[in-house]
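What follows is each chain in one-letter form.
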Amino acid sequence: MTRPASQPATIPPIGQNLTDLIGNTPLLRLDRFVPHGNLFAKAEWYNPGQSIKDRAVWGIIREAERDGSLSGDKIILDATSGNTGIAYAMIGAARDYRVRLCIPAGVTPTRLKILRALGADVILTDAAQFSDGAIIEARRLYADDPDRYFYGDQYTNEANWRAHFDTTGPEIHDQTQGRITHLVVTVGTSGTLIGAGRYLKSRNPRIELVEVQPDSPFHGLEGMKHMDSAIVPGFYDPGFADVKMGIATEAAYKCVVDLAAKEGLLVGISSGAALSAALDVAAENPDGVVVTILPDSGVKYLSERFWDDI
Ligand code: PMP
């Protein structure tokens with residue numbers, strides 16, 4: 001019997017766990033932005049927690065279970081501006097861990113509801129100190145009672161970038177049949193850049209890595225860090241990328257709106273920053289194969305003011 005065209009060729013097997021759904025995200029071609037078809041985007045909202053951070057957090061938890069630093073009686077603790085927290089809460093719920101998260105108070109009510117729905121215990125920190133205030137509070141809690149917690153410490157834990165070395169990098173290599181010439185990545189912890197970048201360079205040292213940061217210390221690019229003015233992540237290497245680009249928050253908003261209108265993709269603000277940078281790289285390299293990463297879904301950002309200006 002022939003299969004109707006709408007039916008997928010492969011159906012996932014029964015009995016998969018939540019964590020089996022992490023990774024193996026689609027690579028989309030953004031033809032509506034670049035007609036000559038050399039710009040591709042990794043759709044990270046396909047992860048079960050709707051962001052790329054599922055990969056890093058699952059890597060951190062799996063490694064901690066393996067080396068014994070995380071056992072059933074410990075509380076998972078970390079500082080996070082959002083997506084990492086959702087990933088911890090989601091995987092924690094599925095694997096029976098208690099999760100305590102330090103989060104800057106400015107986070108949207110929807111984000112807090114998601115975290116609480118998934119059972120996380122949220123500690124709000126000074127909004128004016130952004131993610132650095134949350135990091136300082138998590139460090140304090142851990143220092144006060146180290147036996148009580150497994151401190152995931154996404155900013156220094158090497159399992160973060162290794163998750164991208166093991167999954168994100170190989171997927172991009174295979175999905176482009178090794179033809180990728182440029183990888184354009186936003187940085188927060190820099191786990192994605194360092195891990196995926198290191199893997200891709202190991203396959204082809206000529207691949208150019210483009211690091212995307214906010215263009216100023218005061219920005220609305222959630223999940224991203226302006227490295228010159230923030231606590232620098234432990235494994236971040238300022239000399240690692242071949243090119244660095246600073247993106248304005250307004251430019252990112254515009255690309256988010258355009259992605260929804262032109263491609264039907266509702267993505268987060270850092271995805272707009274990634275696209276803004278990737279469009280320049282694709283225009284400068286018409287014969288290249290440019291890949292960028294769209295880190296999360298836009299659903300969590302629908303209360304942002306920029307949507308009202310359309
Ligand atoms: N965009 C968003 C929305 C994020 O949550 C993050 C993670 N902080 C990033 C980009 C940057 O990813 P990474 O931590 O791997 O540098």
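Residues numbered from 1 in each chain as written. Predicted model: local features only at pLDDT ≥ 70, side-chain atom pairs only at ≥ 80, totals over all residues. Heavy atoms only, no water.

Novice: Explain the packing of aromatic side chains to me, please; I cannot follow it from the model alone.
Specialist: In this description, an aromatic ring pair is defined by two values, namely the gap between the centres and the angle between the planes. In the structure shown here, the tally under the stated rule is six aromatic pairs. Between Trp161 and Phe165, the aromatic rings sit 6.3 Å apart at their centres with planes inclined by 85°, giving edge-to-face as the arrangement. With a gap of four residues between them, Trp161 and Phe165 both fall in helix α5 (residues 158-175), about one helical turn apart. Residue Trp161 is classed as buried on the basis of its relative accessible area of 12%. Here Phe165 falls in the partly exposed class, since its relative accessible area comes to 27%. Here Tyr253 and Phe306 contribute two aromatic rings whose centre-to-centre distance is 4.2 Å and whose plane-to-plane angle is 15°, an arrangement assigned as stacked. Within this pair, whereas Tyr253 is found in helix α7 (residues 249-263), its partner Phe306 is found in the segment after β10 (290-294), the two being separated by 53 residues in sequence. (Phe/Tyr/Trp six-rings, centres within 6.5 Å; stacked < 30°, edge-to-face > 60°. Helix = DSSP H or I, 4+ residues; strand = E, 2+ residues; numbered from the N terminus. Buried < 20%, exposed > 50% of the residue type's maximum accessible area, 1.4 Å probe, protein only.)

Novice: Help me understand the environment of Leu279, please; the structure alone is not making it clear to me.
Specialist: Residue placement: Leu279 occurs in helix α8 (residues 269-284). For Leu279, a relative accessible area of 22% puts it in the partly exposed group. Measuring from C-alpha to C-alpha, the distance between Leu279 and Val184 comes to 9.8 Å, with 95 residues separating the pair along the chain. Ignoring any residue separated from it by four or fewer positions in sequence, one finds Leu279 in contact with Phe33, Val34, Leu39 and Cys255. (Contact = heavy atoms within 4.5 Å.)

Novice: Any chance you could explain α5 here in plain terms?
Specialist: Since the α-helix advances by 3.6 residues per turn, residues separated by three or four positions end up pointing in the same direction. In a regular helix each residue adds 1.5 Å, so 18 residues correspond to 26 Å; α5 covers 25 Å between its end C-alpha atoms and thus fits that length. In the stretch just after α5, Gln177 is the one whose phi turns positive, near 50°. (Expected span 1.5 Å × (residues − 1).)

Novice: Is there a simple way to explain the site of the ligand in this structure?
Specialist: The immediate surroundings of the ligand are formed by 15 residues, with Gly188, Thr189, Ser190, Thr192 and Ser270 found nearest. Gly188 places a polar main-chain atom, nitrogen or oxygen, 2.7 Å from an oxygen atom of the ligand. Within the side chain of Thr189, an N or O atom sits 2.6 Å from an oxygen atom of the ligand. Contact with the protein chains covers 96% of the free accessible surface of the ligand, which is 390 Å². Of the residues in the shell around the ligand, the class split is three nonpolar, nine polar and three charged. (Near = heavy atom within 4 Å. Polar contact = N/O pair within 3.5 Å; in protein donor to acceptor, adjacent residues only side chain to side chain. Areas by Shrake-Rupley, 256 points an atom, 1.4 Å probe, with all protein chains shown as cover. Nonpolar A, V, L, I, M, F, W, Y, C, P; charged D, E, K, R; others polar.)

Novice: How do you make sense of the nonpolar core when you look at a structure like this?
Specialist: The biggest cluster of nonpolar side chains holds 34 residues, and the ones touching the most others in it are Leu30, Leu39 and Val184. Looking at this core, the elements with two or more residues in it are β2 (39-43), β8 (208-214), β9 (243-247), α7, α8 and β10. Counting residues per element, this core draws most heavily on α8, at seven residues. When sequence neighbours within four positions are dropped, the list of residues in contact with Leu30 reads Leu39, Ala41, Leu259, Glu263, Leu265 and Leu275. Counting 25 residues, the second-largest nonpolar core is a separate cluster that includes Ile103, Ala120, Val122 and Phe150. (Core = buried A, V, L, I, M, F, W, Y, C linked by side-chain atoms within 4.5 Å.)

Novice: Could you clarify how one ought to interpret the pattern of salt bridges in this entry?
Specialist: Where charged atoms from two side chains of opposite charge come close, those side chains can pair. With the rule as written, the count across this model stands at 14 salt bridges. Between Glu44 and Arg55 there is a salt bridge, and its shortest N-O distance comes to 2.8 Å. Of this pair, Glu44 sits in the loop between β2 and α1 (53-67) while Arg55 sits in helix α1, and the two are 11 residues apart along the sequence. Taking relative accessible area as the criterion, Glu44 reaches 0% and is therefore assigned buried. One network of salt bridges, in which partners are shared, links Lys42, Glu44, Arg55 and Glu171. (Salt bridge = Lys/Arg side-chain N within 4 Å of Asp/Glu carboxyl O.)

Novice: Please clarify how the domain arrangement of the chain should be interpreted in this entry.
Specialist: Interfaces are often described in size by the accessible area the parts lose on coming together. When cut into domains, the chain gives domain 1 (18-46 + 167-309) and domain 2 (53-151). Measuring from the centre of the C-alpha atoms in domain 1 to the corresponding centre in domain 2 gives 24 Å. Counting residues at the interface gives 23 residues for domain 1 and 20 residues for domain 2. Between domain 1 and domain 2, roughly 1,600 Å² of surface is buried when both sides are summed, and carbon and sulfur atoms account for 54% of that area. Broken down residue by residue, the surface that domain 1 buries against domain 2 is led by Ile22, Ile231 and Lys300, which jointly contribute 38%. The partner of Asp132 in a salt bridge is Lys225, and the shortest N-O contact between them spans 3.0 Å. For the pair domain 1 and domain 2, the interface holds nine residue pairs in polar contact (both at pLDDT 80 or more). At three residues, the largest contribution of residues to the side of domain 1 that touches domain 2 is made by α5. Residue classes in the side of domain 1 that touches domain 2 are distributed as six nonpolar, 10 polar and seven charged. (Domains from an automatic or database assignment. Buried area = accessible area lost by both parts, 1.4 Å probe.)

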